[in-house]
Amino acid sequence: MDVVDVRGLLGLLLVDGSLVPYRCPGGGYIQMVLTAGTSESAFLEEKVAEFRVFLPTRAQIIPYRTATRSNGKSTPVLRFRVSTNRLRPIYNLLYPGGERVITSTALGLLGARAAAWLWAEGARPQRDGRCELARVGQSIGEATLLRDWLTMLTGAESTVDDRRRRPRLLFSAEQDQKIRSALLPYAPRSRQHLFTDEEGHDGVHQGGADLLHGRGRAVAAGAEAAAVADAAPLRGAALPA
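The present account deals with the structure reproduced in this document. (Residues numbered from 1 in each chain as written. Predicted model: local features only at pLDDT ≥ 70, side-chain atom pairs only at ≥ 80, totals over all residues. Heavy atoms only, no water.)

Some thoughts on the sheet that holds strand β1 (residues 18-22)
Spatially, β1-β2-β4-β3 is the arrangement adopted by the four strands of the open sheet, whose pairing is antiparallel. Edge positions in the sheet fall to β1 and β3 (61-65), since each of these pairs with one other strand and no more. Averaged over neighbouring strand pairs, the angle between their axes works out to 30° when direction is ignored. Here β1 pairs with strand β2 (residues 29-37) via five bridges, running antiparallel. Along β2, the bridge assignment pairs Val20 with Gln31. Relative to the sheet, helix α2 (residues 41-54) contacts β2, β3 and β4 (76-84), its axis offset from that of β4 by approximately 10°. (Pairing = 2+ DSSP bridges. Helix = DSSP H or I, 4+ residues; strand = E, 2+ residues; numbered from the N terminus. Axes fitted to C-alpha atoms, helices over the stretch in contact; angles between N-to-C directions. Contact = heavy atoms within 4.5 Å.)

Okay, here's the thing in structure tokens:
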């Protein structure tokens, strides 16, 4: 797979989505799934658009409802699912040994665009001007790697908060301003408010509303069953598997 494509997809999926390997008579494939709540449709659509830049596919965002809970309620969810063996290099980088983990090898391939996706996914602004960054891995080691990587890219310093079940990075008001300014040119449009001083939210724009109210189902019909990436020919030299 082309190095640019690997870096682009790796940055997009660094802290979001799931990749699961499947075996079949033809040799097997990787299934990638991105999900979002209905209020996050704009952000999901932007991620899907980014995904298609590096791996063109006819797969569509599919609206569905979760299984009914004990209280009789279910939750509407949006899902984008693609199955292809061309995601194998991404899987190998994100799941070395079969378990998902953030590594220095993966981070060494990534730059500011990937950091902006991370900030868009995990930034939790506080009222006093500080900011907490979630989605920084399962362990202190992973969070520390991400802390050092972000400092190298942006100059912003943070501390690892290990008081939660999953660690977070804590940025002072000054350091929060520094990292947001550095990453603003790479910010996803639907989450730009997390990189500026403006307030905002992920609105359900017309495209998302079409999906939620069923008007996107006609386009998506059959795509769920045939969510195998219809990718363009791969370019350039392949990375080691």
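With respect to the side chain of Glu50
Tracing the sequence through the fold places Glu50 in helix α2. In this structure the side chain of Glu50 is engaged in a polar contact, spanning 3.1 Å, whose partner is the side chain of Arg113. Every residue in contact with Glu50, bar those within four places of it in the chain, is listed here: Leu12, Arg113 and Trp117. (Polar contact = N/O pair within 3.5 Å; in protein donor to acceptor, adjacent residues only side chain to side chain.)

Structural notes on the nonpolar core
Residues Leu19, Trp119 and Trp149 are the most contacted members of the largest nonpolar core, which totals 57 residues. The contacts of Leu19, once residues within four sequence positions are left out, are Leu13, Ile30, Gln31, Met32, Leu87, Ile90, Tyr91, Leu94, Tyr95 and Arg100. (Core = buried A, V, L, I, M, F, W, Y, C linked by side-chain atoms within 4.5 Å. Buried < 20%, exposed > 50% of the residue type's maximum accessible area, 1.4 Å probe, protein only.)

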